[in-house]
Amino acid sequence: MRQLTGVLAGLLLVSTVLISGEAQTADQPETDQWRFTVNFPMVWLPDIKGKIDTDGDRTDIDIPISDILDNLSTGFIGELYVGKGRWELGWRSMFLGVELSSTTEPITGIPGRPPIVGKHRVEIENDLFTSDLVGAYRFHENFELYTGVRRTGNKTTFRITPREDSLINVKGRYTVIDEELYDWVLGVNLSRDFNDRWSLALQMDLGLKGDNDTNNFANAFLSYRFNERHALWFGYRYLKLANAVREQGSKVESEYIQSGPTLGWAWSF
C-alpha cells in the first residue's frame with residue numbers, strides 16, 4: 001500500500017501540473033451524447049526481457065523484437081472506448097503468437113544399427129495475450145481515474161515428430177504451460193491538448209490484488225488529429241508482470257517485461 005500511495009501521489013502531482021498549465025479552471029460543459037473511439041489498426045513492437053528463478057537457479061530471458069518478427073505467426077492489438085458524460089468503459093486486447101522450430105541431433109548406439117534416439121523435429125508454439133476491461137471517471141478534462149480487471153495468459157506447446165527410424169521415437173503434442181491470470185488494476189489517464197491538432201497522453205496503472213504479485217502498465221503517446229474522426233498516434237508502451245509460486249516443493253519466481261514503440265490509428269464517432 002505504501003508503494004501504491006507513492007505512485008498515485010506522483011500521478012496526482014503530474015496531473016496538477018498539466019491542469020494548472022491551462023488558462024481555464026473549469027471543465028467544458030458535459031454532453032449526454034455517446035462517444036466511441038476505436039484504436040485500430042495498432043502496432044506494438046516490444047522486446048521481451050525477464051527471468052525465471054527456481055530455488056536460486058536463474059535463467060535470463062532476452063528476446064529482441066527482430067526475433068519475434070522472424071517467428072511471428074499471429075498478432076493482434078486493438079482498443080475500444082465507449083463514453084457518455086464523465087463516464088467511460090474501455091476494452092484493450094493484445095495477442096502475440098510465435099512459432100519456433102528446430103531439429104535435434106541423434107543419440108547413436110552400436111555402429112551399423114539404428115540410433116538410440118534419432119533426429120526429431122521440435123516445433124514450439126508460444127501464445128502471449130492480455131486483455132483489460134476497465135471503467136473510468138473523468139474528474140477534469142486532463143485527469144481521469146480508471147479501474148478494472150486485466151487478464152494475462154501464456155500458453156506454450158511442443159509438437160515433436162520423428163525424422164528417422166530409431167529405437168526410441170517420441171511423437172505427439174504436449175502443452176507445458178497453459179495459464180490465465182487475473183488482476184484488479186487501478187490507474188490514471190493524463191492528457192494535454194497543445195492545439196487543435198496535437199495532444200499528449202499518459203496512462204499508468206498497477207495491480208492491487210490478484211494472481212500476479214506485480215502487474216504494472218504504462219503507455220505514453222503523442223497524437224495528431226486530422227479531423228474530428230481521424231487521428232494518428234505514436235508512443236511507447238511498457239508492461240511488467242512478476243510472480244512467485246511454489247511448484248512441487250520448489251520456489252519459482254518469474255518476471256517478464258514487454259516494452260517498445262507503438263503506432264496506431266484512432267477512429268472517433
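The sections below set out a description of the structure shown in this document.

Cut-offs used in this document
Residues numbered from 1 in each chain as written. Predicted model: local features only at pLDDT ≥ 70, side-chain atom pairs only at ≥ 80, totals over all residues. Heavy atoms only, no water. Phe/Tyr/Trp six-rings, centres within 6.5 Å; stacked < 30°, edge-to-face > 60°. Helix = DSSP H or I, 4+ residues; strand = E, 2+ residues; numbered from the N terminus. Buried < 20%, exposed > 50% of the residue type's maximum accessible area, 1.4 Å probe, protein only. 1 Å grid on protein atoms, 1.4 Å probe; cavity = no way out; pocket = protein on both sides within 12 Å on 5 of 7 lines; lining within 4 Å. Points joined across faces, edges and corners; volume = space filled by probe spheres on them. Nonpolar A, V, L, I, M, F, W, Y, C, P; charged D, E, K, R; others polar.

**A look at the packing of aromatic side chains**
Part 1 of the argument: Inspection of every chain in the model, using the stated rule, returns 10 aromatic pairs.
Part 2 of the argument: Seen from their ring centres, F40 and F76 are 5.7 Å apart, and the 35° between their planes marks the pair as tilted. Residue F40 is found in strand β1 (residues 34–44), and its partner F76 is found in strand β4 (residues 72–84); the two are separated by 36 residues along the sequence.
Part 3 of the argument: Taking the relative accessible area as the measure of exposure, F40 reaches 39% and is therefore partly exposed.
Part 4 of the argument: Ring plane angle 85° and centroid distance 5.1 Å describe the contact between Y224 and F226, whose orientation is recorded as edge-to-face.
Part 5 of the argument: For Y224, a relative accessible area of 26% translates into the label partly exposed.

**A closer look at the layout of surface pockets**
Part 1 of the argument: Within this model, the second largest pocket holds a volume of roughly 1,200 Å³.
Part 2 of the argument: Tallied by class, residues from the lining of the second largest pocket come to 21 nonpolar, 14 polar and 4 charged.

**Some remarks on empty space enclosed by the protein**
Part 1 of the argument: The final tally for this structure, using the stated rule, is 2 cavities of 30 Å³ or more.
Part 2 of the argument: Lining of the largest cavity is provided by W44, I77, R92, S93, M94, T130, D132, R150, F217, R237 and L239.
Part 3 of the argument: Those elements giving two or more residues to the lining of the largest cavity turn out to be β5 (87–103), β6 (120–140) and β11 (230–247).
Part 4 of the argument: With 3 residues, β5 is the largest single contributor of residues to the lining of the largest cavity.
Part 5 of the argument: Here the second largest cavity defines a volume of roughly 60 Å³.
Part 6 of the argument: Lining the second largest cavity are Y81, E88, L89, G90, R92, V134, A136, E144, Y146, N189 and Q203.
Part 7 of the argument: It is β5 that provides the largest number of residues to the lining of the second largest cavity, a total of 4 residues.
Part 8 of the argument: Broken down by class, the residue content of the lining of the second largest cavity amounts to 5 nonpolar, 3 polar and 3 charged.

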